[in-house]
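Here are the chains, one letter per residue:
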Amino acid sequence: LGIDIGTSSLSAQLVDITTGVPLHTYAFDHEADIVTVAGNDAFAQNAAILCEKAQSLCSSIVRAFPSVVSIGITGQMHGIICLDADGKILSPLYTWQNRFGIRSADGVSVCEEIEDLCGEWIPSGYGMNTLYALKKFGFLPENTVKITTVMDLAVMRLCGTNETLIHP
């Protein structure tokens, strides 16, 4: 079973492990977009709703097809969600479309500031850029201890753990 938590939709495909033939495909709009106090350029989504919908889809498929032997989850690789030490969600998912990196203070954009600090251009919407901007502009939740991607948060919830685990 493969599940994709995309920018606008949630999809899944059940594949016969012996033949590689797709058995069933599911796709629907997740309708998780939200507006935050951080501004219209945040391109944020409700992380809890995304994970709940992914869990529900996964559970429904596994109930209907109890012979599922493995589950792979993919999704928005550049977006980030802030978590506390216990894995509680503290922020929305800021997607790869996030434009905080082009915001500027004193005429220097976040992207330019990061490049000056580390010698690398980190595009707006990439997780580290978004994290830096959240801190810079005062939107980083106070108890943030770690960040995660939406698919890794979904895996955390499916596995009942508070630790993010990512397969290389």
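Among the structural elements, Asn 46 can be located in the loop between β5 (39–45) and α1 (47–64). Between the C-alpha atoms of Asn 46 and Gly 72, which are 26 residues apart in sequence, the distance is 22 Å. When residues no more than four places from it in sequence are discounted, the contact partners of Asn 46 are Ala 32 and Ile 34. Within the structure, Asn 46 has its side chain in polar contact with the backbone nitrogen of Ile 49 (distance 2.9 Å).

Taken as a whole, helix α4 (residues 150–159) has its buried residues at Val 150, Met 151, Asp 152, Leu 153, Ala 154 and Met 156. Here the buried face of α4 lies against β1 (2–5), α1, β6 (72–75), β7 (81–83), β8 (93–94) and β11 (146–148). Gly 160 sits one or two residues past α4 and shows a positive phi near 70°.

In this section: the side chain of Asp 152. Secondary-structure assignment places Asp 152 in helix α4. Buried and without a salt bridge, Asp 152 has Arg 157 as its closest oppositely charged side chain, separated by 12 Å. Those residues in contact with Asp 152 that lie beyond four places of it in its chain are Leu 165 and Ile 166.

Attention now moves to the packing of α1 against α4. Taken N-terminus to C-terminus, the directions of α1 and α4 make an angle of 55°; their axes are 9 Å apart at the nearest point. In terms of their interaxial angle, α1 and α4 are classed as oblique. Between α1 and α4 the crossing geometry is right-handed. Contact residues: α1 offers Ala 47, Leu 50, Cys 51, Gln 55 and Cys 58, while α4 offers Val 150, Leu 153, Ala 154, Arg 157 and Leu 158.

Bringing the sheet that holds strand β3 (residues 22–29) into the picture now. Each strand in a sheet pairs with its neighbour through backbone hydrogen bonds, running either in the same direction (parallel) or in the opposite one (antiparallel). Across the sheet, which stays open at both edges, the 4 strands sit in the order β3-β2-β1-β6 with mixed pairing between neighbours. The open sheet has two edge strands, β3 and β6, and neither has a second partner. Strand-to-strand, the axes of this sheet are offset by a mean angle of 10°, without reference to chain direction. Where strand β2 (residues 9–15) and β3 come together, 7 bridges link them in antiparallel fashion. Across the sheet, Ser 11 pairs through a bridge with Ala 27, a residue of β3. Where α1 meets the sheet, its contacts fall on β1, β2 and β3, and the angle it forms with β2 comes to roughly 25°. Each of β1 and β6 is contacted by α4, which is oriented at about 150° to β6, the strand it contacts most.

Thresholds applied
- Residues numbered from 1 in each chain as written.
- Predicted model: local features only at pLDDT ≥ 70, side-chain atom pairs only at ≥ 80, totals over all residues.
- Heavy atoms only, no water.
- Helix = DSSP H or I, 4+ residues; strand = E, 2+ residues; numbered from the N terminus.
- Contact = heavy atoms within 4.5 Å.
- Polar contact = N/O pair within 3.5 Å; in protein donor to acceptor, adjacent residues only side chain to side chain.
- Buried < 20%, exposed > 50% of the residue type's maximum accessible area, 1.4 Å probe, protein only.
- Lys, Arg positive; Asp, Glu negative; His and termini not counted.
- Salt bridge = Lys/Arg side-chain N within 4 Å of Asp/Glu carboxyl O.
- Axes fitted to C-alpha atoms, helices over the stretch in contact; angles between N-to-C directions.
- Parallel < 35°, antiparallel > 145°, perpendicular 65-115°, else oblique.
- Left-handed = near helix turned anticlockwise from the far one by under 90°.
- Pairing = 2+ DSSP bridges.

What is shown is where atoms sit, not what they do.
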